[in-house]
2 protein chains.
Amino acid sequence: MIRLGILGYGNLGRGIECAVKHNADMELKAVFTRRDPAAVQIRTEGARVYSANDLAAHKDEIDVLILCGGSATDLPEQTPAAVKLFNVVDSFDTHARIPEHFENVDKAAKESGHIGIISCGWDPGMFSLARLYGNVILPEGKDYTFWGKGVSQGHSDAIRRIKGVVDARQYTIPVPAALEAVRSGSCPDLTTRQKHTRECFVVAEEGADLARIENEIKTMPNYFSDYDTTVHFISMEELKRDHAGLPHGGFVIRSGVSGWNNENKHTIEYSLKLDSNPEFTTQVLVAFARAAYRLNKEGVCGCKTVLDIPPIMLSAMDPAEIRAHLV
Amino acid sequence: MIRLGILGYGNLGRGIECAVKHNADMELKAVFTRRDPAAVQIRTEGARVYSANDLAAHKDEIDVLILCGGSATDLPEQTPAAVKLFNVVDSFDTHARIPEHFENVDKAAKESGHIGIISCGWDPGMFSLARLYGNVILPEGKDYTFWGKGVSQGHSDAIRRIKGVVDARQYTIPVPAALEAVRSGSCPDLTTRQKHTRECFVVAEEGADLARIENEIKTMPNYFSDYDTTVHFISMEELKRDHAGLPHGGFVIRSGVSGWNNENKHTIEYSLKLDSNPEFTTQVLVAFARAAYRLNKEGVCGCKTVLDIPPIMLSAMDPAEIRAHLV
């Protein structure tokens, strides 16, 4: 049995508990939290809840620690610190800061002899794999990544910070015509506005100036001003009834050519349709936790991304069985 | 530069020549043929044509030999023999015999200290990767593989063996309703007939009994009798004009669940749309040839499949650049 620990018990932490149920070779030993451990109720029988301050005391009870904090402020500190004590996996998803995060984790991991696999989720994660495989098979070509239809938590949070907004849910939606143009193999150049639209469901305070709120959303730099955005004002009851889930998904498309004169076109498409963004992410995290455990047993240490991991190491199945049934 | 050789100069061998043009870190040094070398015209300036009997004499001039023979009779003999002299990659695609081929290549490769990566193409190959990643992320789920729309060379050959047939082209076509049912996440049980239809374009001898030919096609065991098959008789001119290419493609879909009570559904889909089946296959082969070269330099030997190869080893890009731009 691979003994797992969780640091952080939010959406991802709860997802890991579910994912462990689907993987017979794994068990959840402990959840570490920054809250008062006595106040945290978990669902896994036999697992313990400890303070995040007590990680070091439990380092021999856990084979892989799964870091379930946020990418903005938690993981840049937690992953390099935790890899001094444990093999770790995280879902760090700030694309621009991956090289810096990699260096920090790599240094700490090599010093301690552990392995840290970073950015395991779907983007980065499975989409990174799709982009890499697409690039190596069609070196002459172009990449496209579309997200959605799905809830963007960052954009929903941005709306909630507007004065007069009680709650909000924002959906990112790929533009069907753009998807079709890419799938045709014509390698179009697409602007931000041409690729995605944004749809917002907003609960406003009673008596709030709806026109002002709508305008503040649509003109918000980085988040909305470069997109065609639709705003719907709804009641809290409607928000809870119709927008409680965290669905997401997306498409990675590589379009490229082959032939002596580049005369043949090819399109590779990888897509996801997810009922629960955090639960899918945690299913990816536990698979890479298995690989982290195995690779470290073989003496591998340092920071890795999903691109460094031999796919077969992710599977609990016997290699001969895999060759007979999945290859 | 990675020095490549080709054994066998048919559709795949010619595809390798094209693929090498798209990969600046590779050069084609030699083509080995069972025909008279003087009679084989190749397109790569500077590359030589040798007899397949002279492989051993050129073993130090080539880093990876790409085997471009057929899976029925060529590769089961050629791959284990060639791996005694070279690092090799092949596109062995008889699924049922992969375990046996693996064992034969593994034994020879370990004795000689070379690496042999087998079954590199799209199915097996990229579809194997899609199946494995799908299975590890959604352990509770179901796999579906659809092929087409595309030309099946085995089925086209089977039609050509019927008395009175001059030439033929067979297209395998996924049934749209089956694809939709799978994408919905309902995990349907589908029969062979429900998944694919077969469409045949046949050039018959003048005066041939068309009704008999059509009946022989539609009732042919294994190839056609389990499918809804359509037969069109056309002229040789039409065949050459409208059916000269070898397009293909397909879909691997993994549908599964997550959550404490399996309450959330997820669908992962990997699909290919290819103008040229052999050229796409060769683009995959050369990427795995790069990995074979690098892994053997690190001291790795034995037989491998695409599932054993760390994805990053396939790319000519610098790892730091990959982390900055593709992860």
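Residues numbered from 1 in each chain as written. Chains lettered and ligands numbered in written order. Predicted model: local features only at pLDDT ≥ 70, side-chain atom pairs only at ≥ 80, totals over all residues. Heavy atoms only, no water.

1. Structural notes on the interface of chain A and chain B
Taken together, the 69 residues of chain A in the interface contact 69 residues of chain B. Both faces combined, the contact of chain A with chain B buries some 6,200 Å², and carbon together with sulfur accounts for 62% of it. Our count for the chain A to chain B interface comes out at 0 salt bridges. Counting the contacts that link chain A with chain B gives 29 residue pairs in polar contact (both at pLDDT 80 or more). Secondary-structure elements contributing two or more residues to the side of chain A that touches chain B are α1 (11-21), α3 (98-112), α4 (126-137), β12 (248-258), β13 (264-274), α10 (277-297) and α11 (319-325) of chain A. By residue number, the principal contributor to the side of chain A that touches chain B is β13(A), which donates 11 residues. Here the residues of the side of chain A that touches chain B sort into 33 nonpolar, 19 polar and 17 charged. (Contact = heavy atoms within 4.5 Å. Buried area = accessible area lost by both parts, 1.4 Å probe. Salt bridge = Lys/Arg side-chain N within 4 Å of Asp/Glu carboxyl O. Polar contact = N/O pair within 3.5 Å; in protein donor to acceptor, adjacent residues only side chain to side chain. Helix = DSSP H or I, 4+ residues; strand = E, 2+ residues; numbered from the N terminus. Nonpolar A, V, L, I, M, F, W, Y, C, P; charged D, E, K, R; others polar.)

2. Let's talk about the relation of the copies chain A and chain B
Superposition record for chain A on chain B: RMSD 0.0 Å, screw rotation 180°, translation along axis 0.0 Å. Expressed as an axis order, the relation between the two copies is that of a two-fold axis. Comparing interface residues between copies, 100% of those in chain A also sit at the interface in chain B, which points to an isologous, same-surface contact. (Least-squares fit on C-alpha atoms with pLDDT ≥ 70 in both.)

3. Examining the side chain of A:Arg290
Residue and element names in this part refer to chain A. Along the polypeptide, arginine 290 turns up in helix α10. Judged by its relative accessible area of 2%, arginine 290 falls in the buried class. Residues within four places of arginine 290 in sequence aside, it is in contact with Ile2, Asn23, Asp25, Met26, Met313, Leu314, Ser315 and Ala316. (Buried < 20%, exposed > 50% of the residue type's maximum accessible area, 1.4 Å probe, protein only.)

4. Notes on the sheet that holds strand β10 (residues 196-204) of chain B
Residues and elements named next belong to chain B. If you trace the 4 strands from one edge of the open sheet to the other, you get β8-β9-β10-β11, paired in mixed fashion. Here the strands that pair on one side only, and so sit at the sheet edges, are β8 (150-151) and β11 (228-233). Note: β8 against strand β9 (residues 165-174), 2 bridges, orientation antiparallel. Among the inter-strand pairings, valine 151 is bridged to a residue of β9, identified as tyrosine 171. The sheet strands contacting helix α8 (residues 210-218) are β9, β10 and β11, and the helix crosses β11 at an angle near 150°. (Pairing = 2+ DSSP bridges. Axes fitted to C-alpha atoms, helices over the stretch in contact; angles between N-to-C directions.)

5. Some remarks on the pattern of salt bridges
A complete count under the given rule lists 38 salt bridges over all chains for this structure. Note that A:Arg212 and A:Glu216 form a salt bridge whose closest N and O atoms lie 2.9 Å from each other. Here A:Arg212 and its partner A:Glu216 are both found in helix α8 (residues 210-218), 4 residues apart, which amounts to about one turn of the helix. Between B:Glu214 and B:Lys218 there is a salt bridge, with its nearest N and O atoms 2.9 Å apart. One end of the pair, B:Glu214, and the other, B:Lys218, are both in helix α8, 4 residues apart, so they sit about a helical turn from each other. Given the relative accessible area of 25%, B:Glu214 is considered partly exposed. For B:Lys218, a relative accessible area of 33% puts it in the partly exposed group.

6. Comments concerning the nonpolar core
Judged by nonpolar contacts, the single largest core of 156 residues is most densely connected at A:Leu4, A:Phe288, B:Leu4 and B:Phe288. Beyond its immediate sequence surroundings of up to four residues, A:Phe288 is in contact with A:Val89, A:Ile117, A:Cys120, A:Leu129, A:Val306, A:Ile309 and A:Leu314. (Core = buried A, V, L, I, M, F, W, Y, C linked by side-chain atoms within 4.5 Å.)

7. Some remarks on the confidence of the model for chain A
Mean pLDDT over chain A stands at 97; residues scoring 70 or higher make up 100%. In the model output, the complex is listed with pTM 0.97 alongside ipTM 0.97. (pLDDT = per-residue confidence, 0-100.)

8. Topic: the environment of B:Cys187
All names here are of chain B. By the secondary structure assignment, cysteine 187 is in the loop between α6 (176-183) and α7 (192-195). According to the relative accessible area criterion, cysteine 187 is partly exposed, its value standing at 29%. It is 44 Å that separates the C-alpha atoms of cysteine 187 and alanine 24, two residues lying 163 residues apart in sequence. Once you skip the residues sitting within four places of it in the chain, cysteine 187 turns out to touch Lys142, Tyr144 and Ser255.

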